[in-house]
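# Breakdown of the fold
For reference, the chains in residue letters:
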Amino acid sequence: MKLYKLARLEIQAIRDELAEKRARAKEIEAILKDKRRLWKVIRGEIADIGQRFAEKRRTKIGGAGGDEVEFQAEDFILDEEVTVILSRDGWLKRVREVKDLSATRLREGDAILAALRGSTKDLVAIFSNLGSCYVSRVHDVPASTGYGEPVQKLFNFRDGERVVAALVVTGSGPSAVPPGTLALAVTRRGYGFRFNLDPHRELSTRAGRRYAKPAESDEVVGVLPVQPKDVLCVVSSKARALLCPAQEAAELANPGRGVTIIKLDEEDGVMGFALGAPKDDTVLTAETDGGKKIPVGPGRYHVTSRGGRGHQLARKATVVHVLFPEPGQPAGEQPKLVQ
């Protein structure tokens, strides 16, 4: 067959297809404009489906009894154990495993404030110096092998607000605090109080929720979970240390400023504090401006009542850092966690 005859056949096939589609389009438009014809077509299609799929449904919609199924955000989170690392300067990150905490990446001059092990479904509470608590899922903490992300990306921090502590408040991991646990907070001006952590076991907004109301010239220096028999050790910048039963710090039902733990001069201030058992030799180490490291604990200094001036650790010296030993660290080694 010659080429022009083949081309003529193809052109005719296209014209026939076009005419067919135009006729079909006209028919569909007529059906859409006529409700009776439209419902007749729908009934016919439903009847056809019923004949083709006549077998009864084998599964029940909605589960047994027709109960409504409620989905929660946690249902879609992969449950795995991770470590949340919070730095003193407020950098937050989530890593799968930490073999050597001292090798984690930090910005120059920064230090680790908290390293918490828990599940991605757990909740982590972050406490600030201005008395606010911010609660987030561990899963929402940025995963990073670098410095992490500043906490201001997750929460609305005010001017001058910074992190002072973090706790895993749900779950059963090694860092989780059980329900009913009390926490103890101490302020820069020497006030302290205990409060229940249960109100902070729920997700917060970006604005957080209050746990303390320090005075305008004061701020919280730290928050720690406390046990009934714990001894509170407080160290000031003028190298004074006061040790008293932790139960002497008032338990507050509502956010407040607490009671006087240690009496301070106007130019003095609390540098850090720790909790320990009555016979613990060292619960923290005070580092002076001269580089001297002074261990402090109930096994070294007499435990008194709150409200006094405490023990003089060194004369004509200023405490520049308070260091805490890592869990399981042998006595005598330099602590690594800094406040």
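Residues numbered from 1 in each chain as written. Predicted model: local features only at pLDDT ≥ 70, side-chain atom pairs only at ≥ 80, totals over all residues. Heavy atoms only, no water.

Before going further, it helps to spend a moment on the overall build of the protein. Secondary structure summary: the protein contains two helices and 20 strands in total. Here the C-alpha atoms of the protein give a radius of gyration of 34 Å, more than 25% beyond the 20 Å that 2.2 N^0.38 yields for 339 residues. Out of the 339 residues belonging to the protein, those deemed buried represent 41%. Expressed as a percentage of contacts within the protein between residues at least 6 apart in sequence, the contacts between residues at least 24 apart total 69%. Split by element, the accessible area of the protein, about 20,400 Å² in all, is 51% carbon and sulfur. Of note, the protein has its 54 positive side-chain charges centred 5 Å away from the centre of its 46 negative side-chain charges. (Helix = DSSP H or I, 4+ residues; strand = E, 2+ residues; numbered from the N terminus. Rg over C-alpha atoms; globule rule 2.2 N^0.38 Å. Buried < 20%, exposed > 50% of the residue type's maximum accessible area, 1.4 Å probe, protein only. Contact = heavy atoms within 4.5 Å. Areas by Shrake-Rupley, 256 points an atom, 1.4 Å probe, with all protein chains shown as cover. Lys, Arg positive; Asp, Glu negative; His and termini not counted. Charge placed at Lys NZ, Arg CZ, Asp CG, Glu CD.)

Quick look at the environment of Pro 255 now. In this structure, Pro 255 sits in the loop between strand E13 (240-245) and strand E14 (259-260). Remark: the alpha-carbon pair of Pro 255 and Arg 206, spanning 49 residues in sequence, is separated by 19 Å. Excluding its chain neighbours within four sequence positions, the residues that come into contact with Pro 255 are Arg 210, Tyr 211, Ala 212 and Lys 213.

For the structure on display, the rule yields one cavity of 30 Å³ or more. Reported here for the largest cavity is a volume of approximately 50 Å³. Ile 85, Ser 87, Trp 91, Lys 93, Arg 105, Leu 106, Arg 107, Asp 110 and Tyr 147 are the residues that line the largest cavity. Among the elements of the structure, strand E1 (81-87) and strand E2 (91-95) are those that each provide at least two residues to the lining of the largest cavity. (1 Å grid on protein atoms, 1.4 Å probe; cavity = no way out; pocket = protein on both sides within 12 Å on 5 of 7 lines; lining within 4 Å. Points joined across faces, edges and corners; volume = space filled by probe spheres on them.)

All right, on to the pattern of salt bridges then. Scanning the model with the defined rule gives 15 salt bridges in all. Salt-bridge contacts for Asp 198 lead to Arg 201; the nearest nitrogen and oxygen are separated by 2.7 Å. Judged by its relative accessible area of 15%, Arg 201 is buried. (Salt bridge = Lys/Arg side-chain N within 4 Å of Asp/Glu carboxyl O.)

The tally for this structure, following the rule as stated, stands at six aromatic pairs. Where Tyr 134 meets Phe 157, the ring centres are 4.8 Å apart and the plane angle is 25°; that geometry is what we call stacked. Residue Tyr 134 is found in strand E5 (residues 132-137), and its partner Phe 157 is found in the loop between strand E6 (149-150) and strand E7 (163-168); the two are separated by 23 residues along the sequence. Phe 157 matches Tyr 134 in its accessibility class, with the two residues each being buried. Through a chain of ring-to-ring contacts, the aromatic side chains of Phe 127, Phe 193, Phe 195 and Tyr 211 assemble into a single cluster. The ring of Tyr 147 is capped by Arg 105, whose NZ or CZ atom sits 4.9 Å from the centre of that ring. (Phe/Tyr/Trp six-rings, centres within 6.5 Å; stacked < 30°, edge-to-face > 60°. Lys NZ or Arg CZ within 6 Å of the ring centre and 35° of its normal.)

To continue, consider the pairing of strand E15 (residues 270-276). With seven of its seven residues buried, E15 lies for the most part within the structure. The pairing of strand E12 (residues 231-236) with E15 spans six bridges and is antiparallel. Bridging from a neighbouring strand, Ser 236 pairs with Val 270 of E15. (Pairing = 2+ DSSP bridges.)

The terminal C-alpha atoms of helix H2 (residues 35-52) lie 26 Å apart, and with 18 residues this matches the ideal 26 Å at 1.5 Å per residue to within 8%. Its side-chain oxygen placed 3.1 Å from the backbone nitrogen of Arg 36, Asp 34 serves as the N-cap of H2. (Expected span 1.5 Å × (residues − 1). Polar contact = N/O pair within 3.5 Å; in protein donor to acceptor, adjacent residues only side chain to side chain.)

What follows concerns the environment of Ala 277. Residue placement: Ala 277 occurs in the loop between E15 and strand E16 (284-288). Along the backbone, Ala 277 and Arg 210 are 67 residues apart, and their C-alpha atoms lie at a distance of 29 Å. Excluding anything up to four places from it in sequence, Ala 277 contacts Val 231 and Pro 298.

Right, let's get into the environment of Leu 116. With respect to the secondary-structure elements, Leu 116 resides in strand E3 (residues 112-119). Leu 116 gets classed as buried once you look at its relative accessible area, which sits at 9%. Considering only alpha carbons, one finds Leu 116 and Val 168, 52 residues apart in sequence, at a separation of 6.9 Å.

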